[in-house]
Amino acid sequence: MGMTGYYFRADEDMMKKIREEGTSAVVFDENNGNYLMDIDKTWHAIHYTLTGTAYEIEGDDDIGHLILGGVPVDDEDMGYGPARLFTKEQVALLNNVLKEWDETLFRQNFNMEGMFEEEIYPLIEGQDEEEEFFSYVWSYFVWMKEFFQEAAEEEQYVLTFLA
C-alpha cells in the first residue's frame, strides 16, 4: 500500500480505447499487463535525484517531466489524479535524455540528506540505510530506462499516474 508510480505503454489502438472506455479499463485489463510498469514507491526519490527538487519541474528541463509531467488524459482519478500522457515525440525525447543517466551520474545526484530535508516519499528518518535505498531506487530507474527505450522503439505513447 502507499503511493505507487505507474507507467503504461500504448499504441494508437489502445489510446482510442482509452478515450472510449476510460484509462483504468485499459490500463488494468489483464491482457495489457505487459504494457504496465509499476515503479513502486521510488517515483519521488527518482524525481528528486533527477531534478534536485521535491515536486518542481524547471521550465525546459526535459528530465523533470519524467515523473510529474505529461498532460492529463481525461478526468478519471487513478488514485492521485488523472493519468498523464507523453506523446510519441516526448517519449523519444525522454528516452534520449535517460540514456545520459548512468549509475555514476545517478549516484552523484542521489542525496539522502536532501531527501530527508525535503521529506521525499517513502523515506523515514532513521529507518533507511543509504546503500540499500540507493539500490532499491536505482533498480527501478534502470527498469524505467528500459521501459522508455522499448516505448520509443515501438513508437508508443506513455501514460503515467500515481495510485
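Refer to the preceding data block for the structure.
Rules of the game
- Counting restarts for each chain: residues are numbered from 1 in the order of the written sequence.
- The predicted origin of the model limits local features to residues at a pLDDT of at least 70 and limits the giving and counting of side-chain atom pairs to 80 or more, whereas totals for whole chains, interfaces and linings rest on all residues.
- With hydrogens and water stripped out, all remaining heavy atoms of the structure feed into the side-chain values.
- A run of DSSP states H or I qualifies as a helix once it reaches four residues; a run of E qualifies as a strand once it reaches two. Both are numbered from the N-terminal end.
- Multiplying one less than the number of residues by 1.5 Å gives the expected span of a helix.
- When accessible area is computed with a 1.4 Å probe and restricted to protein chains, residues below 20% of their type maximum are described as buried, those above 50% as exposed, and intermediate ones as partly exposed.
- Read the arc as the range of directions from the helix axis to the C-beta atoms.
- Contacts were defined at the residue level, with two residues in contact if any of their heavy atoms lie within 4.5 Å.
- Side-chain rings of Phe, Tyr and Trp, where Trp is taken by its six-membered ring, are said to pair if the distance between their centres is within 6.5 Å; with planes under 30 degrees apart they count as stacked, over 60 as edge-to-face, and otherwise as tilted.
- The criterion is that NZ of a Lys, or CZ of an Arg, lies within 6 Å of the ring centre and within 35 degrees of the ring normal, and then a charge sits over that ring.

1. Observations regarding helix α5 (residues 88–99)
- Across its twelve residues, α5 extends 17 Å between first and last C-alpha, which sits within 8% of the 16 Å expected from 1.5 Å per residue.
- Taken residue by residue, α5 has V91, L94, N95, V97 and L98 as its buried positions. Buried residues along α5 cover an arc of 165° about the axis, so they all sit on one side. Exposed side of α5, more than 90 degrees from the buried face: E89 and K99 are the residues found there.
- Along its buried surface, α5 packs onto α4 (65–68), β4 (84–86), α8 (130–153) and β5 (157–162).

2. A short note on the packing of aromatic side chains
- Tallied over the entire structure, the rule returns 21 aromatic pairs.
- Both rings, one in Y136 and one in Y140, keep their centres 5.6 Å apart while their planes meet at 80°; by these two values the pair is edge-to-face. Of the two residues, Y136 and Y140 both sit in helix α8, four residues apart, roughly one turn of that helix.
- Given the relative accessible area of 22%, Y136 is considered partly exposed.
- The interplanar angle of 40° and the centroid separation of 5.8 Å between the aromatic rings of W138 and F141 together place this pair among those described as tilted. Residue W138 and its partner F141 are both found in helix α8; the two are separated by three residues, about one turn of the helix.
- You can call W138 buried: its relative accessible area is 15%.
- Here a set of aromatic residues connected by ring pairs shows up, and it is made of W101, F106, F110, F133, F134, Y136, W138, Y140, F141 and W143.
- The ring of F147 carries the charged tip of R9 above its face, separated from the ring centre by 5.6 Å.

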